[in-house]
Amino acid sequence: MANLTNLPMPLQESYDWQYEGACRGTDSAQFFSPDAERGSRRRFRESQAKLLCATCPVLEKCRDHALSAREPYGVWGGMTEQERAEVLARPTLAG
Ligand code: SF4
């Protein structure tokens, strides 16, 4: 489940970046794994999503949001859920 405590205030401006996403209007199934998807099929779908993210003008905002909210599923900001989990599991300088 996403962590909602680190999200910005629910002001419209806080989420305006989503209107500029390269994925806007595309099939969200490219970004989210169907049940029981594994192996090469999953890697291919994720790589295609990440290619689109690489062209996205709001990649950093999307990634920051996904990491802050601990989005549990899907490709956000060019990162898979596994990649985000690995980043979040790293020890921080703050301890
Ligand atoms: S970085 Fe990727 S998931 Fe995020 S808005 Fe852009 S295209 Fe969509």
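Residues numbered from 1 in each chain as written. Predicted model: local features only at pLDDT ≥ 70, side-chain atom pairs only at ≥ 80, totals over all residues. Heavy atoms only, no water.

- In the annotation of an unreviewed UniProt entry, the entry for the protein reads Transcriptional regulator WhiB, and the organism field reads Aeromicrobium halocynthiae.
- The record in UniProt for the protein states the following under Function (unreviewed entry): "Acts as a transcriptional regulator. Probably redox-responsive. The apo- but not holo-form probably binds DNA." (UniProt positions renumbered as here; feature names shortened; annotations may be inferred.)

## Describing the UniProt feature "binding site: [4Fe-4S] cluster" (unreviewed entry) in the protein
Working step 1: Per the UniProt record, the feature "binding site: [4Fe-4S] cluster" (unreviewed entry) sits at C23, C53, C56 and C62. In terms of the greatest pairwise C-alpha distance, the residues named above, spread along 40 residues, form a tight cluster of at most 11.1 Å across.
Working step 2: Assignment of secondary structure puts C23 in the segment before helix 1 (39–53).
Working step 3: You can call C23 partly exposed: its relative accessible area is 37%.
Working step 4: Sequence-distant contacts of C23, defined by excluding residues within four places in its chain, comprise F31 and L52.
Working step 5: Structurally, C62 is set in helix 2 (residues 59–69). (Helix = DSSP H or I, 4+ residues; strand = E, 2+ residues; numbered from the N terminus. Buried < 20%, exposed > 50% of the residue type's maximum accessible area, 1.4 Å probe, protein only. Contact = heavy atoms within 4.5 Å.)

## Quick word on the site of the ligand
Working step 1: Around the ligand lies a shell formed by G21, A22, C23, F31, C53, C56, L59, C62, V75 and G77.
Working step 2: Considered class by class, the residues forming the shell around the ligand number eight nonpolar, two polar and no charged. (Near = heavy atom within 4 Å. Nonpolar A, V, L, I, M, F, W, Y, C, P; charged D, E, K, R; others polar.)

## Description of unusual backbone geometry
Working step 1: Positive phi outside glycine occurs at A36, with the angle close to 70 degrees.
Working step 2: Position of A36 among the secondary structure elements: in the segment before helix 1.
Working step 3: Classification of A36 by relative accessible area gives exposed; the value is 67%.
Working step 4: For R70, which is not a glycine, the phi torsion comes out positive at approximately 50 degrees.
Working step 5: By secondary structure assignment, the location of R70 is in the loop between helix 2 and helix 3 (81–89).

## Observations regarding the side chain of R84
Working step 1: Relative to the elements of secondary structure, R84 occurs in helix 3.
Working step 2: Despite its burial, R84 pairs with no opposite charge; the closest candidate is E81, at 5.1 Å N-O.
Working step 3: At 3.5 Å, the side chain of R84 and the backbone oxygen of Y73 are in polar contact.
Working step 4: Those residues in contact with R84 that sit more than four places away from it in its chain are A66, L67, E71, P72, Y73, G74, V75, W76 and M79. (Lys, Arg positive; Asp, Glu negative; His and termini not counted. Salt bridge = Lys/Arg side-chain N within 4 Å of Asp/Glu carboxyl O. Polar contact = N/O pair within 3.5 Å; in protein donor to acceptor, adjacent residues only side chain to side chain.)

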